[in-house]
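Now for the letters of each chain:
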Amino acid sequence: MTGMDRPRRLRRTPALRRLVAETTLEPRHLVLPMFVADGLDEPREIGSMPGVYQHSMDSLRKAAVEAVHAGVGGLMLFGVPRPEDKDATGSLASDPQGILNRGLRALADEVGDATVIMADTCLDEFTDHGHCGVLASDGTVDNDATLDRYVDMALAQAEAGADLLGPSGMMDGQVAAIRAGLDAAGRIDTGILAYTAKYASAFYGPFREAVASSLQGDRRTYQQDSANRREALRELELDLAEGADIVMVKPAMSYLDVLREVADRSIVPVAAYQISGEYSMITAAAQNGWIDRRGAILESLLGIRRAGADMVLTYWATEASHWL
């Protein structure tokens, strides 16, 4: 060596920094979660998530078109039924006229193959008890009875136009059951985005408002314990063996170590979900003038990509895509 080692040489100008950047963030890497609510004539802002809305069918279509024009990689749709339409088994989830399936058809009609249409394949929005599955007589979630409902839901979503199904309930065997059900019905081209490592998290709070959750208690008997890392790798092995096309870690920002390990081992693309609480924390801090909003959003998304995510579900997908 002659003289001092100077890494700063490659940071001197924007062009140099761009040339040697190890991680990129592009619109195609971003997926927009969307909420469509039954009975709305116009969009309704979610109080704990400023800038995010429960959509009417018309505003869902418009927001989807804007997202596609911005270049986002995909749209993940959640349905919000009216409270009186919920029941113990979430029957509206598999009803072709249920709000989620109507919303999926609207997206398929409006944007078609211009983006990837994804569906939340879970019962929690549709059950009157708010859990992600069917309850047994003792009040616990009945894993295998729930799988039957997931298959019914998956078939309805595939028929409605979903390209990818997102089983998020963390039931054992959910990917295998859905894959078998789809294949038996001839839906061999419908893919599965598996919520592989979904942790029980305090950061889901705003989402509960977004979907008008009826949950009493918690989901710690089926979602992962935040203390556990190796368990996520076991879930990864199971989902891959069962036929997952994409795997996901959720939440993202508090679980970047898990995301990195999953990405290092996965043979399929890896997604991460920047969840509602993460969105709301950055939004609130920016509204108070404590941080630079745009800088914090882009840095958080880049950090998730750097940790190994091939795609990021984020409520800023459209806005960030315009910036990018």
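Please read all numbers here as calculations on a predicted model, not as lab measurements. (Residues numbered from 1 in each chain as written. Predicted model: local features only at pLDDT ≥ 70, side-chain atom pairs only at ≥ 80, totals over all residues. Heavy atoms only, no water.)

Peer 1: It is not clear to me how the packing of helix α4 (residues 143-160) against helix α5 (residues 174-184) should be interpreted in this structure. Could you clarify?
Peer 2: For the pair α4 and α5, the least separation of the axes is 9 Å and the interaxial angle reads 50 degrees. It follows that α4 is oblique to α5 by the angle criterion. Note that α4 runs across α5; the crossing there is right-handed. Note on element contacts: α5 touches α4 through Gln174, Ala177, Ile178, Gly181 and Leu182, opposite Leu147, Tyr150, Val151, Ala154, Leu155 and Ala158. Among the residues forming the contact of α4 with α5, the class breakdown is nine nonpolar, two polar and no charged. (Axes fitted to C-alpha atoms, helices over the stretch in contact; angles between N-to-C directions. Helix = DSSP H or I, 4+ residues; strand = E, 2+ residues; numbered from the N terminus. Parallel < 35°, antiparallel > 145°, perpendicular 65-115°, else oblique. Left-handed = near helix turned anticlockwise from the far one by under 90°. Contact = heavy atoms within 4.5 Å. Nonpolar A, V, L, I, M, F, W, Y, C, P; charged D, E, K, R; others polar.)

Peer 1: Can you walk me through the packing of aromatic side chains in this structure?
Peer 2: The relative placement of two aromatic rings is captured by the distance of their centres and the angle of their planes. Considering all chains together, one arrives at six aromatic pairs under this definition. Considering the side-chain rings of phenylalanine 35 and tyrosine 315, the 6.0 Å spacing of their centres and the 15 degrees angle between planes classify their relative orientation as stacked. You can see phenylalanine 35 sitting in strand β1 (residues 30-37) and its partner tyrosine 315 sitting in the loop between β10 (311-313) and α11 (317-323), a full 280 residues away along the chain. Residue phenylalanine 35 is classed as buried on the basis of its relative accessible area, which comes to 0%. Members of the aromatic cluster, joined through ring pairs, are Phe35, Phe78, Tyr273, Tyr279, Tyr315 and Trp316. Lying across the ring of tyrosine 204, lysine 198 places its NZ or CZ 5.9 Å from the centre. (Phe/Tyr/Trp six-rings, centres within 6.5 Å; stacked < 30°, edge-to-face > 60°. Buried < 20%, exposed > 50% of the residue type's maximum accessible area, 1.4 Å probe, protein only. Lys NZ or Arg CZ within 6 Å of the ring centre and 35° of its normal.)

Peer 1: Sorry if this is basic, but what is going on with the layout of surface pockets here?
Peer 2: Any empty space left between the atoms is revealed when a probe the size of a water molecule rolls over them. Here the largest pocket is characterised by a volume of approximately 390 Å³. What lines the largest pocket is a set of 20 residues, and nearest its centre among them are Leu32, Gly51, Tyr53, Tyr315 and Thr318. For the lining of the largest pocket, the elements supplying multiple residues, two or more each, are β1, β3 (53-55), α2 (57-70) and α11. Within the lining of the largest pocket, the residues separate by chemical class into twelve nonpolar, five polar and three charged. Looking at the second largest pocket, its volume works out to about 160 Å³. Around the second largest pocket, the lining residues are Arg17, Val20, Ala21, Glu22, Thr23, Leu302 and Arg306. Per-class residue counts for the lining of the second largest pocket are three nonpolar, one polar and three charged. (1 Å grid on protein atoms, 1.4 Å probe; cavity = no way out; pocket = protein on both sides within 12 Å on 5 of 7 lines; lining within 4 Å. Points joined across faces, edges and corners; volume = space filled by probe spheres on them.)

Peer 1: Before we go on, may I ask you to explain the nonpolar core in this structure?
Peer 2: Soluble globular proteins: nonpolar side chains tend toward being buried together. Ranked by internal contacts, the top residues of the largest apolar core, which has 99 residues, are Phe35, Leu75 and Tyr273. When neighbours within four sequence positions are excluded, phenylalanine 35 is seen to be in contact with Ile46, Val52, Tyr53, Gln54, His55, Leu77, Phe78, Val80, Phe207, Ala210, Val211 and Tyr315. (Core = buried A, V, L, I, M, F, W, Y, C linked by side-chain atoms within 4.5 Å.)

Peer 1: I keep staring at the pattern of salt bridges and nothing clicks. Help me out?
Peer 2: Proximity of charged atoms lets side chains of opposite charge pair with each other. Taken as a whole, this structure holds 14 salt bridges when the rule is applied. The shortest N-O distance in the salt bridge between arginine 82 and aspartate 85 comes to 3.0 Å. Look at aspartate 85 and you get partly exposed, because its relative accessible area is 24%. Its salt-bridge partner being aspartate 245, residue arginine 179 comes within 3.9 Å of it at the nearest N-O pair. Of the two residues, arginine 179 sits in helix α5 while aspartate 245 sits in the loop between α7 (230-242) and β8 (246-250), which places them 66 residues apart along the sequence. Relative accessible area serves as the criterion here: at 35%, aspartate 245 is assigned to the partly exposed category. (Salt bridge = Lys/Arg side-chain N within 4 Å of Asp/Glu carboxyl O.)

Peer 1: For this particular structure, what's the right way to read unusual backbone geometry?
Peer 2: Among all residues save glycine, negative phi is the norm, and among peptide bonds the norm is trans. With an omega of -5 degrees, the peptide bond between lysine 250 and proline 251 qualifies as cis. With respect to the helices and strands, the residue proline 251 is situated in the loop between β8 and α8 (256-265).

Peer 1: So what exactly am I meant to see when it comes to empty space enclosed by the protein here?
Peer 2: Counted by the stated rule, this structure contains two cavities of 30 Å³ or more. The space that makes up the largest cavity amounts to roughly 80 Å³. Of the residues contributing to the lining of the largest cavity, the split by class is five nonpolar, two polar and five charged. The computed volume of the second largest cavity comes to approximately 40 Å³. Lining the second largest cavity we find Phe78, Asp120, Asp124, Glu125, Ser168, Lys198, Phe207 and Lys250. A per-class count over the lining of the second largest cavity returns two nonpolar, one polar and five charged.

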